[in-house]
Amino acid sequence: MSVEILEQHLSFGGTQFKYKHHSAILKSDMTFSLFLPENKDGAGIPLVWFLSGLTCTDDNFTHKSGFQHIANKNNVAVIAPDTSPRGEACANAEAYDLGQGAGFYLNATQSPWDEQFKMYDYITKELTEVVKPLVPNFNGKEAIMGHSMGGHGALVIGMKNPGRFASISAFSPILSPSEVPWGQKAFTAYLGEDKEAWKAWDSTELVKGDDVPPMLIMQGTGDNFYPGQLPENFFLDASAPHGDKVMYQQKAGYDHSYYFIATFMEDHFNFHMKHL
């Protein structure tokens, strides 16, 4: 599968790439960003996935989070996919929280979204096969993290694939999409009215399983979407049987922005490195 390099930048000794390729699953051209550490010693390199939030592309994380120096220090590669299929031929909505830029990391089953909005399959299957050859000395170990809608995506993808992802972390995630306006709107459009079908894409339901990876979740108390769109009580009640395996931390005064993410990015990488 051919990929085109759109950008290449040295950063803290490593290299930040931006790629373009055609996705057969999403039936559209897609971009993704990949950071490769300097890896002076030729050691095995693990791969960390970062999933972005509503309205974002892969650029938000690579431009604003400041993760590159931390990733290079820890000798890990980091991939940031886009948040949805794109293009004039792709279904869309006028609202920011549905359609392009708002794929919710699931496989849509309802028209017109079911033709292209299959971000779960794209990430776990197609993009996985695209990125592996691009990471020299990839050692097969992976972790996943995300922000907001991407935090929801990281939790869902990580818990659906516990044998693949060693750990999960999230900033300000939509923990209980079935209970909040963002999730209810997206799930109704993408999955239909049957709320039983929603459970397969809801972290609060998935965390009830026996086998879940270690998780770190951070939420700023100054977030204007908290608690309205981002309540924690449903998820924490459901995850209680896992004890300290699921860590939920509130950070006083921090908001929903990348200032919050940049401040605690190193904490998230330190958490993942314990499991990678």
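Remember, predicted model here, so these are calculated numbers, not experimental data. (Residues numbered from 1 in each chain as written. Predicted model: local features only at pLDDT ≥ 70, side-chain atom pairs only at ≥ 80, totals over all residues. Heavy atoms only, no water.)

(A) Here's a closer look at the overall build of the chain. Across its full length, the chain carries 9 helices and 9 strands. Reported as C-alpha extents along the three principal axes, the dimensions of the chain are approximately 50 × 45 × 35 Å. Classification of the 276 residues of the chain by burial places 59% in the buried group. Contacts spanning at least 24 positions in sequence make up 72% of the contacts within the chain whose residues lie at least 6 apart. Of the roughly 11000 Å² of accessible surface on the chain, 49% is carried by carbon and sulfur atoms. (Helix = DSSP H or I, 4+ residues; strand = E, 2+ residues; numbered from the N terminus. Buried < 20%, exposed > 50% of the residue type's maximum accessible area, 1.4 Å probe, protein only. Contact = heavy atoms within 4.5 Å. Areas by Shrake-Rupley, 256 points an atom, 1.4 Å probe, with all protein chains shown as cover.)

(B) Representation of the layout of surface pockets. Here the largest pocket defines a volume of roughly 200 Å³. In terms of lining, the largest pocket is formed by 14 residues, of which the most central are Leu54, Thr55, Cys56, His147 and His256. Of the residues that constitute the lining of the largest pocket, the class distribution is 6 nonpolar, 7 polar and 1 charged. Reported here for the second largest pocket is a volume of approximately 160 Å³. Ser178, Glu179, Gln184, Lys195, Trp198, Lys199, Asp202, Thr204, Glu205 and Phe234 are the residues that line the second largest pocket. (1 Å grid on protein atoms, 1.4 Å probe; cavity = no way out; pocket = protein on both sides within 12 Å on 5 of 7 lines; lining within 4 Å. Points joined across faces, edges and corners; volume = space filled by probe spheres on them. Nonpolar A, V, L, I, M, F, W, Y, C, P; charged D, E, K, R; others polar.)

(C) Fine view of the pattern of salt bridges. According to the stated counting rule, one finds 11 salt bridges in the structure shown. Across the pair Lys73 and Glu266 runs a salt bridge whose closest N-O atoms are separated by 2.4 Å. Taken as a pair, Lys73 in helix α2 (residues 68-74) and Glu266 in helix α9 (residues 258-275) lie far apart in primary sequence, 193 residues in all. On the accessibility criterion, Lys73 (54% relative accessible area) is exposed. Looking at Glu266, the relative accessible area reads 30%, which means it is partly exposed. For Glu196, the salt bridge identified is with Lys199, shortest N-O distance 3.0 Å. Given the relative accessible area of 53%, Glu196 is considered exposed. Residue class for Lys199 comes out partly exposed when judged on its relative accessible area of 35%. Here the salt bridges share partners, and the residues they tie into one network are Lys18, Asp58 and Asp59. (Salt bridge = Lys/Arg side-chain N within 4 Å of Asp/Glu carboxyl O.)

(D) How the structure looks around the packing of aromatic side chains. Considering all chains together, one arrives at 15 aromatic pairs under this definition. Measuring from centroid to centroid gives 5.5 Å for Phe171 and Phe260, while their planes differ by 85 degrees, and the two rings are edge-to-face. Of the two residues, Phe171 sits in strand β7 (residues 165-171) while Phe260 sits in helix α9, which places them 89 residues apart along the sequence. Like Phe171, the residue Phe260 is buried in the burial classification. Relative to Phe260, the ring of Tyr254 has its centre 5.7 Å away and its plane inclined at 35 degrees; by these criteria the two rings are tilted. (Phe/Tyr/Trp six-rings, centres within 6.5 Å; stacked < 30°, edge-to-face > 60°.)

(E) Representation of the pairing of strand β5 (residues 77-81). With respect to burial, β5 is a largely interior element, 5 of its 5 residues being buried. Of the two faces of β5, the one holding Ala77, Ile79 and Pro81 and the one holding Val78 and Ala80 are both buried throughout. Bridge count for strand β3 (residues 28-36) against β5 is 4 bridges, and the pairing is antiparallel. By the bridge assignment for β5, Leu34 is matched with Ile79. Both strand β4 (residues 45-51) and β5 contribute to a ladder of 3 bridges, which runs parallel. When the sheet's bridge partners are listed, Val48 is paired in β5 with Val78. (Pairing = 2+ DSSP bridges.)

(F) View of the side chain of Asn72. Counting through the fold element by element, Asn72 comes out in helix α2. Residue Asn72 is classed as buried on the basis of its relative accessible area of 16%. Within the structure, Asn72 has its side chain in polar contact with the backbone nitrogen of Glu38 (distance 2.7 Å). Ignoring sequence-local partners within four residues, the contact set of Asn72 consists of Phe12, Gly13, Gly14, Phe35, Pro37 and Glu38. (Polar contact = N/O pair within 3.5 Å; in protein donor to acceptor, adjacent residues only side chain to side chain.)

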